[in-house]
Amino acid sequence: ASTAIPTETALLELEDNANPTAAKGSAKKEKADGGGYSAENITVLEGLAAVRLRPAMYIGSTGEMGLHHLVYEVVDNSVDEALGGHADRIDVTIHVDNSITVVDNGRGIPVDDKIINGEKMPAVQVVLTMLHAGGKFDASNYKVSGGLHGVGVSCVNALSEEFDVEIWRDDFAWEQDYSKGAPISKLRKMGPSKRKGTKVHFLPDKSIFTVTEFNYDTLAQRLRELAFLNKGLEIHLTDERTTDPKTGESKHQEFKYAGGIAEFIKHINKGKSVLHDKPIYMEAERDDVAMGIALQYNDAYSETVFTFANNINTVDGGTHLSGFKTALTRTINAAGQSLGLFKDVKENLSGD
């Protein structure tokens, strides 16, 4: 462990020491051209070019996972509107050409002008074409949101052959079209409208994604999860590629759970023998942090635990999980001691 591994530079020095004449020539060349690495080799990628060049850095992959992640990014914006109390319905549609439409009844993306680097452009164009731009950095607008990097929907725009946005706000409808991250039309003020919300339609770029067909079950699972996590939020999923032979209508599911994560627990325990019929549910808010906990014991030996922070599944746990486990163990031990359920006065149950 104490032996140093020779670097490429060190190996060159060893070669140069063995051949002094070559070393002189090598040093001159190095000085002359900087080892072939100069200002000419520095590339600056403007706008969304970086996303198109290295998509996996932003959405995880260009396969099935990345493809579905595009939908999640758009839906998460709508869910954030719901979290802020501005929306209560989201519609997701898979079209025959494997394009996606997401509609919500939130406030609608702002359409008023914003000055960026001396250039005036609609706020919606800023949100859709610039990385790290959005309304979530301003705590007054979004108290809770799934992300704070501001790269979500602009990445979806960058990686789509077609991307169209329709906005209903300020008593009018507004529309704008994009392709591969660039606007191909100006923001158009359409006719009067009393609606409120945002509609995003996009077709993933076939030259970037290795998989271009959306999986209904994959999307349904995530949307169901979001409906559990946001009680009262109504999410509709429609698949126009599949028709119900009985009704002749497109395949459709609605997710809405008034009981929130308590119903999530019932869903997970379906078909299992539970030790108490009603899930234990609690919620509280402290120091501007709202939390909810639901649990129900069954007769299995292994536990199933799901943890989320701002609707994001925290698969590796975190302080919210470790803190809960500590509190649960302490509470059950205190109850056991006070009720005299332990043979030994000093006996305590472990976290397991």
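Participant: How would you summarise the nonpolar core if you had to cite specific residues and measurements?
Facilitator: Within the largest apolar cluster, 54 residues are counted, with the highest numbers of intra-cluster contacts made by V92, I100, F163, V165, F202 and L237. Among the elements that line this core, the one with the most residues is helix 5 (residues 64–83), at eight residues. Setting aside chain neighbours within four positions, we find V92 in contact with V71, V75, I100, T101, V102, L223, H236, L237 and T238.

Participant: Can you tell me about the pattern of salt bridges, naming the residues and giving the values?
Facilitator: Opposite charge on two side chains allows them to pair when their charged atoms are near. The tally for this structure, following the rule as stated, stands at 17 salt bridges. A salt bridge links D205 to R52, with the nearest nitrogen and oxygen atoms 2.9 Å apart. Within this pair, whereas D205 is found in the loop between strand 9 (197–204) and helix 8 (216–229), its partner R52 is found in helix 3 (residues 49–53), the two being separated by 153 residues in sequence. The salt bridge involving D177 is made with R188; its shortest N-O contact spans 3.1 Å. Residue D177 is located in strand 6 (residues 172–179), and its partner R188 is located in strand 8 (residues 188–192); the two are separated by 11 residues in the primary sequence. Because the salt bridges share partners, they merge into one network encompassing R89, D91, E234 and K256.

Participant: Please give an account of the packing of aromatic side chains that cites residues and values.
Facilitator: Tallied over the entire structure, the rule returns five aromatic pairs. Ring geometry for F163 versus Y178: centroids 6.1 Å apart, planes at 80°, classification edge-to-face. One end of the pair, F163, is in strand 5 (residues 160–169); the other, Y178, is in strand 6, with 15 residues separating them in the sequence. Among the residues examined, Y178 registers a relative accessible area of 1% and is labelled buried. Measuring from centroid to centroid gives 4.8 Å for F228 and F264, while their planes differ by 10°, and the two rings are stacked.

Participant: Could you give me a rundown of the pairing of strand 5, with the residues and numbers involved?
Facilitator: Along strand 5, seven of the 10 residues are buried, which leaves the element largely enclosed by surrounding structure. Bridge count between strand 5 and strand 9: eight bridges; the pairing is antiparallel. By the bridge assignment, V165 is partnered in strand 9 with V200. In terms of strand pairing, strand 5 meets strand 6 through seven bridges, oriented antiparallel. Pairing of E166 across the sheet is with E175, part of strand 6. Where strand 5 folds back onto strand 6 in an antiparallel hairpin, the turn is made up of two residues, including D170, whose phi is positive at roughly 55°.

Rules used in this analysis
- Residues numbered from 1 in each chain as written.
- Predicted model: local features only at pLDDT ≥ 70, side-chain atom pairs only at ≥ 80, totals over all residues.
- Heavy atoms only, no water.
- Core = buried A, V, L, I, M, F, W, Y, C linked by side-chain atoms within 4.5 Å.
- Buried < 20%, exposed > 50% of the residue type's maximum accessible area, 1.4 Å probe, protein only.
- Helix = DSSP H or I, 4+ residues; strand = E, 2+ residues; numbered from the N terminus.
- Contact = heavy atoms within 4.5 Å.
- Salt bridge = Lys/Arg side-chain N within 4 Å of Asp/Glu carboxyl O.
- Phe/Tyr/Trp six-rings, centres within 6.5 Å; stacked < 30°, edge-to-face > 60°.
- Pairing = 2+ DSSP bridges.

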